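Next come the chains, spelled out residue by residue.
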Amino acid sequence: MKIIDVKLDVVQIPRHTGFVCQHAIARILTDEGVTGVGEMSDFSHLPKYSLDVRDLEETLRAQLAGRNPLDLAALNRELAELYPETMYYYEKGTFIRCGIDIALHDLVGKALGVGVSELLGGRVRDKLKVCYPIFRARTTEEAQANVDVVRRRFAQGFDVFRLYAGVNVEADEAFLDAVRREFGSRVTIKSLDFSHLLDWKSALRAAKRLMPYGVELVESPAERNDFDGLRQFRTAVDLPVSEHVWSFRQLHEMIRADSADIFNIALIFIGGFAAARKAAAAAEVAGKGVLIGTTQELSLGTAAQALFGAGLTNLAATSDPTGPELYVDDVTTEPVRYENGWLLVPDAGRPGLGMEIDWDKVERLRVPGFSWGAQKVANLQDRTGTTGGERP
Ligand code: GAE
Ligand code: MG
Ligand code: MG
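Now for a quick tour of the structure. Every value quoted in this text rests on a predicted model; they were computed, and no experiment measured them. (Residues numbered from 1 in each chain as written. Chains lettered and ligands numbered in written order. Predicted model: local features only at pLDDT ≥ 70, side-chain atom pairs only at ≥ 80, totals over all residues. Heavy atoms only, no water.)

In terms of regular secondary structure, the protein is built from 15 helices and 13 strands. Principal-axis analysis of the C-alpha atoms gives the protein an extent of 60 × 45 × 40 Å. Across the 392 residues in the protein, those meeting the buried criterion constitute 59%. Considering only intrachain contacts with a sequence separation of at least 6, the fraction spanning at least 24 residues in the protein is 76%. Accessible area for the protein stands at about 14800 Å²; split by element, carbon and sulfur atoms hold 49% of it. For the protein, the distance from the average position of its 46 positive side-chain charges to the average position of its 55 negative side-chain charges is 2 Å. (Helix = DSSP H or I, 4+ residues; strand = E, 2+ residues; numbered from the N terminus. Buried < 20%, exposed > 50% of the residue type's maximum accessible area, 1.4 Å probe, protein only. Contact = heavy atoms within 4.5 Å. Areas by Shrake-Rupley, 256 points an atom, 1.4 Å probe, with all protein chains shown as cover. Lys, Arg positive; Asp, Glu negative; His and termini not counted. Charge placed at Lys NZ, Arg CZ, Asp CG, Glu CD.)

Listed below in structure tokens is the structure:
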């Protein structure tokens, strides 16, 4: 079997918060008529430049055409040469590798008539507990709007939330206080996520003020790649500390400095199934736990994340993928399913990822390529629209 073509379609989909994200759907076609589909999710992150999608498509085609898709290890190694690691969380090259690796796994699964779970060594669970994200409040009004989000999402079955904190600690406190008063122990706050916006000492001051409201862990409470600062924070609090994994080098440094308790691994930030499994194995060997993070994928990317999580033997906290609930639209015939705050892993009986693209939806949501509108940097960092909260 040989790859004959690679196609990329860019779609643009708003979130209920008003924030708009662009994703690419990657297709790998073969001479045997089997096609693999992957997702390069959420390019709407800094740095504020855009890739030329037609150029990218041509490059990937030139690289992959003629190759056997079953050569997953070799293809991954070549992709890592073309799109090398940087020490940056939102490195776009990693998103490219991720979408291609997901498409290759889908393709290989379909060609062999097995699900991606089987390719990855089977499942140890059929569902993952997930938490709904509460984006960063910059004002007390935004914090109040976020309490409405909890109300609405709780009614849908989400009982675990995570809070992006640290820009306005009064607003964070007002939110946590209101949620505790209204929901008591019916709602769990999984984490305070400081998103590397504060140095570790400032994060510690904020965390000390917010932790009494009851949270399970603290994420990214130091500047990016400050491995020692992270360890200082970690030894100063008795809660577990989680940090995203965005390169093997960074993971190595975090293990060496004993910077975190739990590594937040998402396919998109490390480059697909093969890379994510390698990172999770390194964490496990180092005696660390893993949680499945997210960039907020569409259903296809979320299915891939669920399949990755289904096989993990060191999952140590509630996970994050809730993209399909956050976006107002999607491109698969059926979305992934959530039940009582659990993400269900796609049906084990279906080959590949077990998901189908609805090409009419792609057509409707398609944009000619990646581009930046007038998004402000604060909105980009806080992942909010202009008013905070969500439209009902
Ligand atoms: O930090 C996180 O845990 C997030 O999921 C973060 O990566 C977000 O910015 C996410 C988003 O687009 O909302 O990617
Ligand atoms: Mg985070
Ligand atoms: Mg994202």
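Let's shift gears to the coordination of the magnesium ion (ligand 3). Protein coordination at the magnesium ion (ligand 3): the donors are D42 (OD), H45 (NE2), T295 (O) and T295 (OG1), at 2.1 to 2.2 Å from the metal. Coordination geometry of the magnesium ion (ligand 3): the 6 donor atoms subtend angles of 74 to 176° at the metal centre, consistent with an arrangement described as octahedral. Spacing between the donor residues of the magnesium ion (ligand 3) along their common chain follows D-x2-H-x249-T. Linking H45 in the loop between strand 3 (35-40) and helix 1 (53-64) with T295 in the loop between strand 11 (289-292) and helix 12 (299-310), this pair joins segments that are 250 residues apart in sequence. (Donors = N, O, S within 2.8 Å, 3.2 Å for Na, K, Ca; no water. Tetrahedral: all angles 85-135°; square planar, octahedral: opposite > 155°, others 65-115°.)

All right, on to the site of ligand 1 then. Taken together, 16 residues sit near ligand 1, with R15, Y89, R162, Y164 and T294 positioned nearest. T295 is positioned such that a nitrogen or oxygen atom in its backbone is 3.0 Å from an oxygen atom of ligand 1. Starting from 350 Å² of accessible surface for ligand 1 in isolation, the protein chains cover 98%. Grouping the amino acids of the shell around ligand 1 by side-chain chemistry returns 5 nonpolar, 5 polar and 6 charged. (Near = heavy atom within 4 Å. Polar contact = N/O pair within 3.5 Å; in protein donor to acceptor, adjacent residues only side chain to side chain. Nonpolar A, V, L, I, M, F, W, Y, C, P; charged D, E, K, R; others polar.)

What follows deals with the coordination of the magnesium ion (ligand 2). Surrounding the magnesium ion (ligand 2) are the protein donor atoms D193 (OD), E219 (OE) and H244 (NE2), which sit 2.0 to 2.2 Å from the metal. Coordination of the magnesium ion (ligand 2) draws on donor residues from a single chain, spaced D-x25-E-x24-H in sequence. With a gap of 25 residues between them, E219 in strand 8 (residues 217-219) and H244 in strand 9 (residues 241-244) connect regions that are remote in the sequence.

Tallied over the full model, the rule gives 34 salt bridges. Across the pair E57 and R61 runs a salt bridge whose closest N-O atoms are separated by 3.7 Å. Taken together, the positions of E57 and R61, both in helix 1 and 4 residues apart, correspond to about one turn of that helix. Overall, the relative accessible area of 28% leaves R61 in the partly exposed class. Salt bridges sharing partners connect three or more residues here, namely D5, K7, R54, E57 and R61. (Salt bridge = Lys/Arg side-chain N within 4 Å of Asp/Glu carboxyl O.)

This part is about helix 6 (residues 169-183). Taking 1.5 Å of rise per residue, the 15 residues of helix 6 would be expected to cover 21 Å, and the 21 Å separating its terminal C-alpha atoms lies within 8% of that figure. Among the residues of helix 6, those classed as buried are V169, A171, D172, E173, F175, L176, A178, V179 and F183. The opening residue of helix 6, the one whose side-chain oxygen lies 3.2 Å from the backbone nitrogen of E170, is N168. G184 lies just past helix 6 and shows a positive phi near 50°. (Expected span 1.5 Å × (residues − 1).)

The next point concerns the environment of V237. The residue V237 is located in the loop between helix 8 (227-236) and strand 9 in this model. Residue classification places V237 among the buried positions, given a relative accessible area of 8%. Distance from V237 to M211, taken between C-alpha atoms, is 9.6 Å for residues 26 residues apart in sequence. Those residues in contact with V237 that sit more than four places away from it in its chain are L204 and M211.

Moving on, we get to the sheet that holds strand 13 (residues 342-344). What the 3 strands build is an open sheet, ordered 4-13-12; its pairing is antiparallel. For this open sheet the edge positions go to strand 4 (127-129) and strand 12 (338-339), each flanked by a neighbour on one side alone. Inspection of the sheet shows strand 4 paired to strand 13 by 3 bridges, in the antiparallel sense. Paired with L128 across the two strands is L343, which belongs to strand 13. With respect to the sheet, helix 12 is in contact with strand 4, strand 12 and strand 13, its orientation differing from that of strand 4 by roughly 95°. (Pairing = 2+ DSSP bridges. Axes fitted to C-alpha atoms, helices over the stretch in contact; angles between N-to-C directions.)

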